[in-house]
Amino acid sequence: MNPILIRIENDDAFTAPAPVGAPTSTQVAMTRTAGHADTPAGGAGIWECTPGRFRRQVVQAEYSYIIEGEGSFTADGGQPVAFRAGDALFFAADTQGEWDIRATVRKAYLILG
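The model shown is predicted, which means the values in this text are computed figures rather than measured ones.

Conventions used here
- Within every chain, residues take consecutive numbers counted from 1 along the sequence as written.
- At least 70 in pLDDT is required for a residue's local features to be given in this predicted model, at least 80 for side-chain atom pairs to be given and counted, and no such filter applies to totals for whole chains, interfaces and linings, which use all residues.
- The basis for every side-chain value is the complete set of non-hydrogen atoms in the structure, without hydrogens or water.
- Salt bridge, as applied in this entry: a Lys or Arg side-chain nitrogen positioned within 4 Å of an Asp or Glu carboxyl oxygen.
- Helix and strand definitions follow DSSP, with helices as H or I runs of at least four residues and strands as E runs of at least two, each counted in order from the N terminus.
- Burial classes: relative accessible area under 20% of the type maximum marks a residue as buried, over 50% as exposed, and values in between as partly exposed (1.4 Å probe, protein chains only).
- The contact criterion used throughout is that any non-hydrogen atoms of two residues lie within 4.5 Å.
- Here a polar contact is taken to be a pair of N or O atoms separated by no more than 3.5 Å, where protein atoms must pair a possible hydrogen donor with a possible acceptor and residues adjacent in sequence count only if both atoms sit in side chains.
- Note: two strands are recorded as paired if DSSP finds a minimum of 2 bridges between them.
- Throughout this description, the term nonpolar core refers to a set of buried Ala, Val, Leu, Ile, Met, Phe, Trp, Tyr and Cys residues connected via side-chain atoms within 4.5 Å.
- The rule is short: rings of Phe, Tyr and Trp, with Trp giving its six-membered ring, pair when the centres are within 6.5 Å, and they are stacked under 30 degrees, edge-to-face over 60, tilted in between.
- We count a charge as sitting over a ring when the NZ of a lysine or the CZ of an arginine lies within 6 Å of the ring centre and within 35 degrees of the ring normal.

Take the pattern of salt bridges next. Inspection of every chain in the model, using the stated rule, returns 8 salt bridges. One salt bridge connects arginine 32 with aspartate 11, and the closest N-O pair in it is separated by 3.4 Å. Remark: aspartate 11 occurs in the segment before β1 (18–19) and arginine 32 occurs in strand β2 (residues 30–39); sequence separation between them is 21 residues. With its nearest N and O atoms 3.8 Å apart, the salt bridge here joins aspartate 100 to arginine 102. The exposure class assigned to arginine 102 is partly exposed, which follows from its relative accessible area of 43%. It is possible to trace a salt-bridge network through shared partners that takes in Asp11, Arg32, Glu48 and Arg106.

Tracing the backbone shows aspartate 87 in the loop between β6 (80–84) and β7 (88–91). Sequence-wise, aspartate 87 and glutamate 68 are 19 residues apart; in three dimensions their C-alpha atoms are separated by 9.3 Å. Sequence-distant contacts of aspartate 87, defined by excluding residues within four places in its chain, comprise Ser64, Tyr65, Ile66 and Ala82. Only 2.9 Å separates the side chain of aspartate 87 from the backbone nitrogen of arginine 84, close enough to count as a polar contact.

A separate point is the pairing of β2. Walk down a regular strand and you will see the side chains alternate between the two sheet faces. Pairing of β1 with β2 involves 2 bridges; the strand directions are antiparallel. If you follow alanine 18 over to β2, its bridge partner there is threonine 31. Strand direction decides the pairing type here: β2 and strand β3 (residues 42–49), joined by 7 bridges, are antiparallel. The residue of β3 that forms the bridge with arginine 32 is glutamate 48. Between the antiparallel neighbours β2 and β3 lie 2 residues.

For the rest of this paragraph, the subject is the nonpolar core. Residues Cys49, Phe54, Phe83, Trp99 and Ile101 are the most contacted members of the largest nonpolar core, which totals 15 residues. Elements supplying a minimum of two residues to this core: β3, β5 (61–75), β7 and β8 (97–112). Among the elements that make up this core, the one with the highest residue count is β8 (5 residues). When near neighbours in sequence (up to four residues on either side) are disregarded, phenylalanine 83 contacts Ile66, Glu70, Gly71, Ser72, Phe73, Leu89, Trp99, Ile101 and Val105.

Another aspect to go through is the packing of aromatic side chains. By convention here, two paired aromatic rings are described through the distance between centres and the angle between planes. Applying the stated criterion across every chain yields a total of 7 aromatic pairs. Note on phenylalanine 73 and phenylalanine 91: the rings are 5.0 Å apart at their centroids and 85 degrees apart in plane angle, and the pair reads as edge-to-face. Residue phenylalanine 73 is located in strand β5, and its partner phenylalanine 91 is located in strand β7; the two are separated by 18 residues in the primary sequence. For phenylalanine 73, a relative accessible area of 6% corresponds to the buried category. The exposure class of phenylalanine 91 is buried, given its relative accessible area of 4%. With centroids separated by 5.7 Å and ring planes inclined at 85 degrees, the aromatic side chains of phenylalanine 83 and tryptophan 99 adopt a geometry described as edge-to-face. Of the two residues, phenylalanine 83 is situated in strand β6 and tryptophan 99 in strand β8; the sequence distance between them amounts to 16 residues. Look at tryptophan 99 and you get buried, because its relative accessible area is 4%. Members of the aromatic cluster, each reached through a chain of ring pairs, are Trp47, Phe54, Phe73, Phe83, Phe91 and Trp99. When the ring centre of phenylalanine 91 is taken as reference, the NZ or CZ atom of arginine 56 above it lies at 4.4 Å. Positioned above the aromatic ring of tryptophan 47 is the side chain of lysine 107, whose terminal nitrogen or guanidinium carbon lies 4.6 Å from the ring centre.

See below:
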């Protein structure tokens, strides 16, 4: 099988911004995606999100590399995990919690499962 290339030439590749599904702050974060590709593992692409707080909606395991921005994620019953550009995050399947995006985040993601 050949590698799957995900290339974003410019911002025109992104979907129209849409509000997050489960906001927890008065500032409703907006998200958009680009380059989503189905993979043998699940799916991969680029995700972008403006500042705000909201509940995580993905139930599958996920690996993400933060390209730009900063924020934190607090798993239910856990401590906040701060992240910034250059960091990678892994979420086990069924990880629930709250995103707190402080500066617009762009990440590459791989959904597993």
